[in-house]
Amino acid sequence: MLYKLTVKSDLSSNGVRLEKGMSVEVAFHQSASLSSLLSDGKGQQLVINAFKTKYGVDVKKAGAFTSRYLDLERID
């Protein structure tokens, strides 16, 4: 299944800057909510790698692994 994660609001934390609208797509093997995707070790790494590859930022270091900052949409 393919998911799109989008940053919902600007965040600057721990030397990392995220801007509203930044988004990545990740393929995850099961149906997921944001909390289940980000609590799964493989899911976390998919999200971290996607943001690092596309934007060069570490969303985990920024503390953005919450529904306050990320929106999850299933697109497949």
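Check the entry above for the structure.
Now for a quick tour of the structure. These numbers come from a predicted model, not from an experiment.

1. Looking at the environment of Leu18
Alright, step 1. Within the secondary structure layout, Leu18 lies in strand β3 (residues 16-18).
Alright, step 2. Since its relative accessible area comes to 0%, Leu18 is described here as buried.
Alright, step 3. For Leu18, the residues in contact, after removing those within four places along its chain, are Val7, Ser9, Asp10, Leu11, Val57, Val59, Ala62 and Ala64.

2. So, the sheet that holds strand β4 (residues 23-27)
Alright, step 1. Within the open sheet, the 3 strands sit side by side as β4-β1-β5. Their pairing is antiparallel. Edge strands, defined here as strands with exactly one partner in the open sheet, are β4 and β5 (70-74). In this sheet, neighbouring strand axes are inclined to one another by 25° on average, regardless of whether the strands run parallel or antiparallel.
Alright, step 2. Pairing analysis gives 5 bridges linking strand β1 (residues 2-7) to β5, with the strands arranged antiparallel. Note that in β5 the partner of Thr6 across the bridge is Asp71.
Alright, step 3. Together, β1, β4 and β5 form the strand contacts of helix α2 (residues 41-55), whose direction differs from that of β4 by roughly 135°.

How each quantity is defined
Residues numbered from 1 in each chain as written. Predicted model: local features only at pLDDT ≥ 70, side-chain atom pairs only at ≥ 80, totals over all residues. Heavy atoms only, no water. Helix = DSSP H or I, 4+ residues; strand = E, 2+ residues; numbered from the N terminus. Buried < 20%, exposed > 50% of the residue type's maximum accessible area, 1.4 Å probe, protein only. Contact = heavy atoms within 4.5 Å. Pairing = 2+ DSSP bridges. Axes fitted to C-alpha atoms, helices over the stretch in contact; angles between N-to-C directions.

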